[in-house]
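# Observations on the three-dimensional arrangement
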Amino acid sequence: MRVGLRPRSGCLVLCLCLSLITLLLQSLWVPLEMTQDEAAGRFPEEQGGHTLGINKLVLRLDALSTRVQRLSRERQDTQLNKNALTSLLQSFRQEQQSLGKLLETQLQRLSWRLDQLSSQRYRDHKAFMPTPPPGLIKKCEIPTDPAYPVCAEKTEFLQAHWQSDPCYAFYGVDGTTCSILTYLSHIENFCPPRPGRNHSSLPWLRKTSLNGKKAGIRDSLSSLYEALSNSSSLAIKFIRSRVERMSDRWIKAGQSMKQNSSDSTEMKVLLYPGALAGKAGQHFEAMVERGGPLGELVQWADLSACLTILGHNLTFSSSQRQLHRLIGAAPGHGGCPIQRPLTFDLIYTDYHGLAHLHGAMGLAFNHYKCRFRILDSFGTEPAFNLASYAQSRGYKTQWGSWGLQPLQYMNMFPHTPDNSFLGFVSEEALRMEPTKESYRKERIAVVYGKQDYMWQGKSEYIQIISEELETHGTVYQSSKQSSILPSFVKNHGLLTQEQFLKLLRRAKVFVGLGFPYEGPAPIEAIALGCVFLQPRFDPPHSSDNNNFYKGKPTTRKISSQHPYAEQFIGEPYVLTVDTTNRTAVREAVKSILNTEVKPFTPREFTCGGMLERVHTYITHQNFCSKSVPTWPLESALKVHLGPLGQSCVSVCQRSSLWCEPALFHHLNTPAAFTRLGLSCSRMVQEVDHLFPSYNPWGRLCGLQQETLLFSCAGSDPSHRRLCPCSAGQVALCPQCI
């Protein structure tokens with residue numbers, strides 16, 4: 001009896017398995033009437049016939065299942081001999097092999113069919129889309145609510161393009177009107193709310209509770225080291241190395257600031273240097289190895305240290321993939337909003353990172369862009385910033401047109417008052433108090449230019465300097481490349497930052513070649529007791545005559561390699577000469593040798609100055625508010641009426657003041673013209689980056705209609721600008737702190 005039960009038990013199990021497989025295949029089988037466009041869903045060899053393969057497989061499984069069931073019902077037959085059982089098992093085995101091959105083929109075809117269906121554009125999808133029941137059509141008609149005027153337009157767009165970005169399918173769009181209307185109501189806000197939902201439930205617009213925690217000054221940078229420890233990037237290693245070298249001074253400056261400043265709310269901050277991410281990052285990494293631009297890395301290092309000391313919650317990332325995770329981007333190409341409210345109070349990035357955010361946030365980008373701060377070395381003037389205005393007035397470039405508040409752009413030097421001056425910190429070579437002995441100089445000149453192309457055409461200029469000073473270079477040269485440097489130059493190759501600063505400590509002169517423009521190295525050389533000798537540009541370099549500035553969102557005219565050093569520091573620390581005038585160069589060198597210059601660091605390039613500046617920006621700059629700015633205080637305003645053709649930058653500088661664009665709204669009233677004694681025959685309000693201004697021909701007074709176009713930089717020969725100037729250090733007026 002025990003032996004007789006085993007075959008029947010095995011048969012029952014086999015029968016059950018076959019039945020389950022049959023049901024599975026029947027559930028996967030799509031009837032012919034559901035797929036009118038058969039050619040789009042079948043293997044090429046099936047283009048002329050019907051999909052009968054699955055039908056055939058189901059019938060064979062049914063037959064096999066029937067045989068097994070019949071065998072199991074033969075309960076009275078206890079005479080099953082060994083040969084009969086062996087024959088039955090062989091039959092099952094053969095059938096199993098055949099069915100296995102057939103099953104594999106049909107599953108491959110099903111997989112191929114599903115891939116084809118999912119990749120079809122809407123024009124193909126429309127042919128085989130199942131017809132909804134009549135009742136469903138009525139429920140999903142496109143609404144004509146005047147409060148949502150573009151609902152129909154957006155619906156038609158998605159009907160044609162919903163497969164252009166996988167994010168739509170991620171949010172439930174399947175090409176049907178119902179799914180599209182649900183998306184446009186519950187994820188975007190272009191259509192009326194669907195039953196039972198309202199726009200307060202948009203996932204990326206839900207308000208998050210404020211932290212409310214006070215940001216206390218920290219006495220350690222350990223949290224920053226941890227944030228920077230997960231990368232093998234050379235650029236990130238440079239940032240961490242700089243932070244570690246300067247940590248003592250950051251901590252000391254923080255402790256001094258703790259006694260003199262009020263606490264601010266702790267911010268959750270993301271630092272995302274987009275230039276280090278993706279293909280741009282790979283290119284940047286290669287340049288770092290060859291002596292490429294490190295100024296941007298200096299600024300990222302100092303900003304990260306500054307935010308950490310100020311007590312904010314910092315996340316540092318240079319990965320585009322990680323950025324998507326951090327902001328909750330939907331899978332796809334960025335056509336849809338993010339999945340949740342942005343969890344960062346502030347995001348510091350650059351122009352590359354701004355494009356990455358735009359490509360990942362969809363509709364949420366415009367909602368959250370008030371939280372962005374853009375590190376922008378060379379400045380973005382208002383005329384280039386507003387897309388429609390830039391397009392109509394000829395200011396459109398590849399870098400501008402983002403429509404941010406101009407003060408959201410943060411510069412390395414205070415050359416564009418329409419932006420915020422972020423700056424960096426000048427680094428010293430050794431951690432000791434300066435003494436006369438420690439700053440004893442040798443007759444050494446160090447040339448500013450780490451790549452050999454910067455030296456081209458400069459041999460005569462360098463030779464004149466070498467007549468009086470031993471001349472050193474720090475130029476990167478590969479083993480396969482022959483040197484183009486003059487034979488009298490002692491080239492050290494690329495040096496580490498510590499080695500470079502020690503060389504500057506010995507040097508008397510730091511020699512500019514004309515490029516790179518406006519880097520941090522001259523400020524650090526001056527801080528170490530060097531005199532910076534630089535070329536004068538005549539005519540000034542600008543986007544009109546210089547390829548480097550061409551396409552950049554600025555009208556600045558650069559009179560020297562380092563305008564800040566020339567204008568705000570000046571002699572005896574900085575000498576600007578015509579390098580083609582041999583006599584002028586010789587006289588400059590003799591003047592330098594006969595002058596004892598002590599180390600000098602402007603307040604704005606110290607740890608304390610930068611901490612003070614960043615703390616003030618975070619506390620007072622709120623670009624998400626729709627109200628008129630209340631910082632700086634009106635008491636800081638000094639109104640000046642400029643002459644014809646001069647910008648407010650020039651007007652304020654001429655009086656040793658600083659143009660403060662956040663105060664423009666005080667001048668954008670008829671009363672402001674009256675107080676200046678201007679009689680207006682006509683008062684107009686227009687979108688023009690020159691306004692507010694006065695045109696003496698016709699006594700036309702112009703008021704600004706678009707606040708994004710308040711501009712310190714704008715100038716025109718027919719306009720006298722009304723300028724909001726303020727006093728104090730280059731970054732902050734006394735009333736601004």
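Computed from a predicted structure; not experimentally measured.

## A word on the overall build of the protein
- Along its length, the protein carries 25 helices and 21 strands.
- Going through the 737 residues of the protein one by one, you find that 49% of them count as buried.
- Of the contacts formed within the protein by residues at least 6 apart in sequence, a portion of 74% connects residues at least 24 apart.
- Entry remark: accessible area of the protein is about 35,800 Å², with carbon and sulfur atoms responsible for 52%.

## What about the packing of helix 13 (residues 320-327) against helix 14 (residues 351-361)?
- The N-to-C vectors of helix 13 and helix 14 enclose an angle of 50°; their axes lie 11 Å apart at closest approach. When the axes of helix 13 and helix 14 are compared, the pair comes out oblique. In this structure, the crossing between helix 13 and helix 14 has a hand that is right-handed. Two secondary-structure elements touch here, helix 13 through Gln 320, Leu 323, His 324 and Ile 327 and helix 14 through His 356, Leu 357, Ala 360 and Met 361.
- Residues of the contact of helix 13 with helix 14, tallied by class, amount to 5 nonpolar, 3 polar and no charged.

## Side note on the state of the cysteines
- Within the structure shown, the criterion is met by 8 disulfides.
- Across the disulfide from Cys 680 sits Cys 701; the S-S distance is 1.8 Å. Of note, the bridge from Cys 680 to Cys 701 carries an S-S torsion of about -85° and is left-handed in sense. Pair noted here: Cys 680 is in the loop between helix 25 (670-675) and strand 18 (682-686) and Cys 701 is in strand 20 (residues 700-704), with a separation of 21 residues, a long-range link.
- Classification of Cys 680 by relative accessible area gives partly exposed; the value is 27%.
- A relative accessible area of 0% means that Cys 701 is categorised as buried.
- In this model Cys 607 remains outside any disulfide bridge; the closest cysteine sulfur is found in Cys 306, 8.4 Å from its own.

## Some details on the nonpolar core
- Membership of the largest hydrophobic core comes to 71 residues, with the highest contact counts inside it found for Trp 250, Tyr 348 and Phe 510.
- In contact with Tyr 348, not counting residues within four places along its chain, are Val 269, Leu 270, Leu 271, Tyr 272, Trp 300, Leu 303, Leu 307, Arg 373, Leu 375, Met 410 and Ile 618.
- In terms of nonpolar packing, the next biggest core, distinct from the first, is built from 25 residues, Trp 204, Ile 338, Phe 344 and Phe 365 among them.

## A look at the side chain of Gln 534
- Relative to the helices and strands, Gln 534 is located in strand 13 (residues 531-541).
- On the basis of relative accessibility, which here comes to 0%, the residue Gln 534 falls in the buried class.
- A polar atom in the side chain of Gln 534 sits 3.0 Å from the side chain of Thr 576.
- Those residues within four positions of Gln 534 in sequence are excluded, and the remaining contacts are Gly 512, Ser 560, Gln 561, His 562, Glu 566, Val 574, Leu 575, Thr 576 and Val 577.

## A look at helix 8 (residues 177-186)
- Burial of helix 8 is extensive: 7 of the 10 residues sit out of reach of the surface.
- Where helix 8 is buried, its residues meet helix 6 (151-161) and helix 7 (166-170).

## Quick word on the side chain of Gln 561
- With respect to the helices, strands and loops of the structure, Gln 561 is situated in the loop between strand 14 (558-560) and helix 21 (563-569).
- For Gln 561, a relative accessible area of 0% translates into the label buried.
- In this structure the side chain of Gln 561 is engaged in a polar contact, spanning 2.7 Å, whose partner is the backbone nitrogen of Gly 514.
- Among the polar contacts listed, one links the side chain of Gln 561 to the backbone oxygen of Pro 516, at a separation of 2.9 Å.
- When near neighbours in sequence (up to four residues on either side) are disregarded, Gln 561 contacts Tyr 448, Gly 512, Leu 513, Gly 514, Phe 515, Pro 516, Tyr 517, Glu 518, Phe 532, Gln 534, Pro 535 and Phe 537.

## Topic: the confidence of the model for the protein
- Taken as a whole, the protein shows an average pLDDT of 83; of its residues, 77% reach a score of 70 or greater.
- Segment residues 1-9: pLDDT under 50, and 4 contacts once partners within four positions in sequence are set aside and those in other chains are kept.
- Within the model, the stretch residues 114-138 combines pLDDT values under 50 with 27 contacts to residues more than four positions away or in other chains.

## Side note on helix 12 (residues 295-309)
- For helix 12, which comprises 15 residues, the first-to-last C-alpha distance of 21 Å matches the rise-based estimate of 21 Å (1.5 Å per residue) to within 8%.
- Most of helix 12 sits out of view: 14 of its 15 residues are buried.
- Downstream of helix 12 by one or two residues, Gly 311 has phi in the positive range, about 90°.

## Considerations on the packing of aromatic side chains
- Tallying each qualifying case throughout the model produces 32 aromatic pairs.
- Ring centres of Phe 515 and Tyr 517 lie 5.2 Å apart, and the angle between their planes is 85°; this geometry places the pair in the edge-to-face category.
- Among the residues examined, Phe 515 registers a relative accessible area of 23% and is labelled partly exposed.
- Of the residues examined, Tyr 517 reaches a relative accessible area of 7% and is grouped as buried.
- Note that Lys 552 overlies the ring of Phe 378, its terminal NZ or CZ placed 5.9 Å from the centroid.

## Notes on the sheet that holds strand 5 (residues 346-349)
- Strand order in the open sheet made by the 6 strands is 4-3-5-6-7-8, with parallel pairing throughout. Lying at the two open borders of the sheet, with one neighbouring strand each, are strand 4 (313-316) and strand 8 (420-421).

## Regarding the packing of helix 12 against helix 23 (residues 607-620)
- Their axes nearest at 10 Å, the elements helix 12 and helix 23 cross at an angle of 70°. As far as their axial angle goes, helix 23 and helix 12 are roughly perpendicular. The hand of the helix 12/helix 23 crossing is right-handed. Counting all contacts with helix 12, which are made through Asp 302, Leu 303, Cys 306, Leu 307 and Ile 309, the residues of helix 23 involved are Met 610, Leu 611, Val 614 and Ile 618.
- A class-by-class count of the residues in the contact of helix 12 with helix 23 yields 8 nonpolar, no polar and 1 charged.

What counts as what
Residues numbered from 1 in each chain as written. Predicted model: local features only at pLDDT ≥ 70, side-chain atom pairs only at ≥ 80, totals over all residues. Heavy atoms only, no water. Helix = DSSP H or I, 4+ residues; strand = E, 2+ residues; numbered from the N terminus. Buried < 20%, exposed > 50% of the residue type's maximum accessible area, 1.4 Å probe, protein only. Contact = heavy atoms within 4.5 Å. Areas by Shrake-Rupley, 256 points an atom, 1.4 Å probe, with all protein chains shown as cover. Axes fitted to C-alpha atoms, helices over the stretch in contact; angles between N-to-C directions. Parallel < 35°, antiparallel > 145°, perpendicular 65-115°, else oblique. Left-handed = near helix turned anticlockwise from the far one by under 90°. Nonpolar A, V, L, I, M, F, W, Y, C, P; charged D, E, K, R; others polar. Disulfide = S-S within 2.5 Å. Core = buried A, V, L, I, M, F, W, Y, C linked by side-chain atoms within 4.5 Å. Polar contact = N/O pair within 3.5 Å; in protein donor to acceptor, adjacent residues only side chain to side chain. pLDDT = per-residue confidence, 0-100. Expected span 1.5 Å × (residues − 1). Phe/Tyr/Trp six-rings, centres within 6.5 Å; stacked < 30°, edge-to-face > 60°. Lys NZ or Arg CZ within 6 Å of the ring centre and 35° of its normal. Pairing = 2+ DSSP bridges.

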